[in-house]
Amino acid sequence: MSTQITSPVMKEEEEKEEGTNEVVQEEEEEASHPYAFHVSGPRNLTTLNWRDLISSSWKDANYKRTVIACFIQAVYLLELDRQENRSQESALAPNWWIPFKYKLTQTLIDERDGSIFGAILEWDRSAAMADLVLIRPSGAPKAVLALRGTLLKSPTMRRDIEDDLRFLAWESLKGSVRFKVALEVLKSVSEMYGSSSVCVAGHSLGAGFALQVGKALAKEGIYVETHLFNPPSVSLAMSLRNIGEKAELVWKRLKSMLPSSQEAQVGNDGDKNLSLGLKSWIPRLSSFKNAGFGVGKWVPHLYVNNSDYICCSYTDSECSGDKNDDADKENVGPTNGQIAAKLFVVTKEKQKFHEAHGLEQWWSSDAQLQQAIHSKLISRQLKSLYTTGGTSSQVMQGKPPR
């Protein structure tokens, strides 16, 4: 019987070889990962260079939409990198902002589960100068707050779905800790750089937060560029509100048909009881009247797909349940040169839900968008802005508050 003896030198060499093999294997897995930027990212992407000093790529709406969608994808991957304990070298997220000359400066953490739900990406001047981009191109924001949507992974699924249900039930996300954190961060960045140099964007649930955070700042006169991808529009609260509004309309018509003697009595008692009954448990946006949206004020960009039932209500009157709703006809489209939002709709034929709701479609090279007329749902979502007696609007667009 012979005994094989391994020298310390040979053992050390074997350990180094094993470590090298592990690194190579990790790099190969990274290179083929479906979420790697070169695998699933945008194709034929224009690289920023000195020419952007003359003609900025950011002035192209398609380029801007592509970049901002990539920033949101980066937030999804920041959380996945955290969950999978990826090292800085093997992390997937950075490659989704580095090509655009941005850097990560802050992550937004949900204190309930420690998950990353948002991030601040700022213009990386040093990286840009390395490619002879001496100044920030026109149209490129100094900072972007990107917010992810629901991530169906066990560490985050519970809290994500909790906020999904919050919106479904109440059409509001203000009760979530994420709303408070996002609002504080966005306000802080706006004070630092000026609101005209800041952008907020989100996908799905993240778009819901971006919409409400942007709206909250707009009420204070801080108008931040806002991009919403597949924003949620289906709401149990909205359905109940529609029922309440129609019930009140029917009651008013019925009341007008009653004899004058009975009408007076009903007007004192019945109308009061009905009003209390409806307003006590159904939020009433119709109390905000004559809301105007100037072109130079807050004009969010919405990107929707008709095959996505989560956001289809923004374009499909049947889906939103507002067909032949005479009470809201004044909100169908812009009037007197005023607009509420810019709505972009995918013009592809009917798709499966996972494709229609996916973020990848917004940087796809074959994305075909058309700008739609402004829907009643958008007007309803934004109706409470710029009303008399609201929050002071002394802060002008592009100027940080003092």
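As a reminder, the structure under discussion sits directly above these lines.
The present account deals with the structure reproduced in this document. (Residues numbered from 1 in each chain as written. Predicted model: local features only at pLDDT ≥ 70, side-chain atom pairs only at ≥ 80, totals over all residues. Heavy atoms only, no water.)

**Some remarks on a nonpolar patch on the surface**
Phase 1 of the analysis: Residues L152, M157, I161, L165 and L168 make up a contiguous nonpolar surface patch of about 440 Å² in total accessible area.
Phase 2 of the analysis: Relative accessible area serves as the criterion here: at 34%, M157 is assigned to the partly exposed category. (Patch = residues over 30% accessible without salt bridge, like charges linked within 9 Å, V, L, I, M, F, W, Y side chains within 5 Å. Areas by Shrake-Rupley, 256 points an atom, 1.4 Å probe, with all protein chains shown as cover. Salt bridge = Lys/Arg side-chain N within 4 Å of Asp/Glu carboxyl O. Buried < 20%, exposed > 50% of the residue type's maximum accessible area, 1.4 Å probe, protein only.)

**Some points on the packing of helix 5 (residues 154-170) against helix 7 (residues 205-219)**
Phase 1 of the analysis: For the pair helix 5 and helix 7, the least separation of the axes is 10 Å and the interaxial angle reads 55°. When the interaxial angle is binned, helix 5 and helix 7 end up oblique. At the point where helix 5 passes helix 7, the crossing takes the left-handed sense. Of the residues in helix 7, those in contact with D160, D163, D164 and F167 of helix 5 are L205, F209 and Q212.
Phase 2 of the analysis: Grouping the constituent residues of the contact of helix 5 with helix 7 by class yields three nonpolar, one polar and three charged. (Axes fitted to C-alpha atoms, helices over the stretch in contact; angles between N-to-C directions. Helix = DSSP H or I, 4+ residues; strand = E, 2+ residues; numbered from the N terminus. Parallel < 35°, antiparallel > 145°, perpendicular 65-115°, else oblique. Left-handed = near helix turned anticlockwise from the far one by under 90°. Contact = heavy atoms within 4.5 Å. Nonpolar A, V, L, I, M, F, W, Y, C, P; charged D, E, K, R; others polar.)

**A short note on unusual backbone geometry**
Phase 1 of the analysis: With phi around 55°, N85 is a residue other than glycine that occupies positive phi space.
Phase 2 of the analysis: Topologically, N85 is positioned in the loop between helix 3 (61-83) and strand 1 (102-110).
Phase 3 of the analysis: A relative accessible area of 69% means that N85 is categorised as exposed.
Phase 4 of the analysis: The phi dihedral of S204 falls on the positive side, at around 60°, and the residue is not glycine.
Phase 5 of the analysis: Along the chain, the position of S204 falls in the loop between strand 4 (198-203) and helix 7.

**Some details on the side chain of S40**
Phase 1 of the analysis: Of note, S40 is situated in helix 2 (residues 37-40).
Phase 2 of the analysis: Here the side chain of S40 touches P34 through a polar contact of 3.0 Å, landing on its backbone oxygen.
Phase 3 of the analysis: Not counting residues up to four positions away in its chain, the partners in contact with S40 are P34, Y35, W96, E360 and W363. (Polar contact = N/O pair within 3.5 Å; in protein donor to acceptor, adjacent residues only side chain to side chain.)

**A look at helix 6 (residues 177-193)**
Phase 1 of the analysis: Taking 1.5 Å of rise per residue, the 17 residues of helix 6 would be expected to cover 24 Å, and the 25 Å separating its terminal C-alpha atoms lies within 8% of that figure.
Phase 2 of the analysis: Those residues of helix 6 not exposed but buried are R178, F179, A182, L183, V185, L186, V189 and S190.
Phase 3 of the analysis: Where the residues of helix 6 are buried, they touch strand 1, strand 2 (115-123), strand 3 (143-147), helix 5, strand 4 and helix 7.
Phase 4 of the analysis: Between the side-chain oxygen at the start of helix 6 and the backbone nitrogen of R178 there is a gap of 3.1 Å, and the oxygen is on S176.
Phase 5 of the analysis: Among the residues trailing helix 6, G194 stands out with phi positive, at a value near 95°. (Expected span 1.5 Å × (residues − 1).)

**A word on helix 7**
Phase 1 of the analysis: Along its 15 residues, helix 7 runs 21 Å from first to last C-alpha, staying within 8% of the 21 Å computed at 1.5 Å per residue.
Phase 2 of the analysis: Burial analysis of helix 7 places 14 of its 15 residues in the buried class, the great majority of the element.
Phase 3 of the analysis: G221 occupies a position one or two residues after helix 7 and carries a positive phi of about 85°.

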